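Residues per chain, in single letters:
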Amino acid sequence: MAKSQPSPKKATRQHTKQHNARLVLKTIYDAGDVSRADLARITGLTRATVSSIVSGLLDNGLVAETGYGPSLGGKPPILLNMAEDARQLICLDLGNEQFAGAVVNLRGHFEHQVSVPVNGRTAESALNLVYELVDQLMANVTAPVLGLALGSPGLVNATAGLVKQSVNLDWHDLPLQHLLQERFNCPVYIANDSHLAALAEYSFGNHNTSNLVLIKMGQGIGSGIVLNGRIFYGEGFGAGEIGHVSVVDNGDLCSCGNHGCLETVASVRAMLRQAQAIANKQPDALLAQLRPSNDLMTWETLQQACQQGDATAQQIVSQAGTLLGTAVANLVGILNVKRIVIAGNVAGLGDLFMEAVRTSMNQRVLPKLTVDTSVQYATIEENLVLLGASALILSQGLGVI
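Residues numbered from 1 in each chain as written. Predicted model: local features only at pLDDT ≥ 70, side-chain atom pairs only at ≥ 80, totals over all residues. Heavy atoms only, no water.

**Student:** Explain the pattern of salt bridges to me, please; I cannot follow it from the model alone.
**Tutor:** Side-chain pairs of opposite charge can arise where the charged atoms are in close proximity. With the rule as written, the count across this model stands at nine salt bridges. One salt bridge connects Arg-121 with Glu-132, and the closest N-O pair in it is separated by 3.7 Å. Taken together, the residues span a long stretch of sequence, with Arg-121 in the loop between strand S6 (110–117) and helix H4 (123–138) and Glu-132 in helix H4 at a distance of eleven residues. Look at Arg-121 and you get partly exposed, because its relative accessible area is 25%. The shortest N-O distance in the salt bridge between Arg-358 and Glu-355 comes to 2.8 Å. Taken together, the residues Arg-358 and Glu-355, both in helix H12 (residues 351–364) and three residues apart, mark about one turn of the helix. (Salt bridge = Lys/Arg side-chain N within 4 Å of Asp/Glu carboxyl O. Helix = DSSP H or I, 4+ residues; strand = E, 2+ residues; numbered from the N terminus. Buried < 20%, exposed > 50% of the residue type's maximum accessible area, 1.4 Å probe, protein only.)

Quick look at the structure:
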């Protein structure tokens, strides 16, 4: 005999209860030190409903009573706040040179951090390195784990939990979410690293907007798009892959197989390659003189040369900014997002790089669209992907972000 299915009415009632519980918890998370009466007023729920939900949150330890508020003539109200150490989050950033991880509390505070060098490991070896990193983090948790989230480079199907393609790690259609859930027995969320960086800047940065584009610059270039407070993944989960859009005809071969991609001309790697070539040809140039004794160009060397007024170094940086500005203009023209932020090592280049980006953008898009468009460096300087991973868990697991 076939099992009877739950009635639509019952399912709807359960959904409403879950929605109301998340609404109350989010209000507590946002407001902090708030009374039950204020929760009812803010959420529009009845006092009885709020009281019942709060009792459940107190029982499972997510919320704590923190003291008393001012009396308005009667008994002083009891205040409530998120119990920030009641649960912990496992967050990973699978970077090109190192895999980083952190144990994070419910307020985004890092309780423990670990990083391990990649050393060129790919495929199964790179996956085992992820396992080792999570094992180290799990050994340092001091509260129940709400979930695990990670940012991976490449094309990531966040819905299916699949790394479709990560060139540097040699992962293709890797069911990473399933593998991690089976091994560590906790909810797992995965996303592209640039998408998570954008979510971090949106969730924790100094902005008052529901739409934002973050361009993440390092050895490569990627971007994350937040629309109406949610990551926009794109139908093929490749939204924001601006690093692999060709901007130079017949340019250098890119790792993706195309020629003249933005990454080949405007990334940190590209700028260092150009600086290295000039220093090799011109040993008397400032760039060459500032190089370390091993004659390998470093990012610090290029920044120092710019700061000391070296025209060649400044030209390299300005040209990269101009080419990035072309990509920014396309983003503004297509999305009309008014907040564009740039994250990564390039922040150390200051106004020289940023002005080149803005000038190029202004020259390539409808002037009316750029009047209210802000292009600036990210307000969060470190651990963007890890913070984005924590925001993803808080969003999916509790609904508070």
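**Student:** I would appreciate a short explanation of the sheet that holds strand S14 (residues 230–231) in the present structure.
**Tutor:** Strand pairing within a sheet occurs via backbone hydrogen bonds; the two strands may be parallel or antiparallel. Spatially, the five strands line up as an open sheet ordered S14-S13-S12-S15-S16, and their pairing is mixed. Edge positions in the sheet fall to S14 and strand S16 (374–377), since each of these pairs with one other strand and no more. (Pairing = 2+ DSSP bridges.)

**Student:** Explain the packing of helix H6 (residues 193–204) against helix H14 (residues 384–398) to me, please; I cannot follow it from the model alone.
**Tutor:** Helix-helix packing is characterised by the crossing angle of the two axes and by the distance between the axes. Contact geometry of H6 with H14 gives a least axis separation of 7 Å together with a crossing angle of 75 degrees. Judged by the angle between their axes, H6 and H14 are roughly perpendicular. In this structure, H6 uses Asp-193, Leu-196, Ala-197, Leu-199, Ala-200, Glu-201, Ser-203 and Phe-204 to contact H14, whose residues at the interface are Leu-384, Val-385, Leu-387, Gly-388, Ala-389, Ser-390, Ala-391 and Leu-392. Across the contact of H6 with H14, the residue classes tally to eleven nonpolar, three polar and two charged. (Axes fitted to C-alpha atoms, helices over the stretch in contact; angles between N-to-C directions. Parallel < 35°, antiparallel > 145°, perpendicular 65-115°, else oblique. Contact = heavy atoms within 4.5 Å. Nonpolar A, V, L, I, M, F, W, Y, C, P; charged D, E, K, R; others polar.)

**Student:** Would you mind showing me how to read helix H11 (residues 311–335) here?
**Tutor:** Every α-helix carries 3.6 residues per turn, so stepping three or four residues along brings you back to the same face. The end-to-end C-alpha distance of H11 is 35 Å, a good match for the 36 Å that 25 residues give at a rise of 1.5 Å each. The first or second residue beyond H11 is Asn-336, which carries a positive phi of 55 degrees. (Expected span 1.5 Å × (residues − 1).)

**Student:** Where do I start with helix H3 (residues 47–59) in this structure?
**Tutor:** With 13 residues, H3 ought to run about 18 Å at 1.5 Å a step, and its terminal C-alpha atoms sit 18 Å apart, in line with that. Taken as a whole, H3 has its buried residues at Val-50, Ile-53, Val-54 and Leu-57. Burial along H3 is one-sided: seen end-on, the buried residues are contained in an arc of 100 degrees. Facing away from the buried surface of H3 by more than 90 degrees, the exposed residues are Ala-48, Ser-52 and Asp-59. Among the residues trailing H3, Gly-61 stands out with phi positive, at a value near 85 degrees. (Arc of directions from axis to C-beta.)

Note that all results are geometric; they support no functional claim without further evidence.
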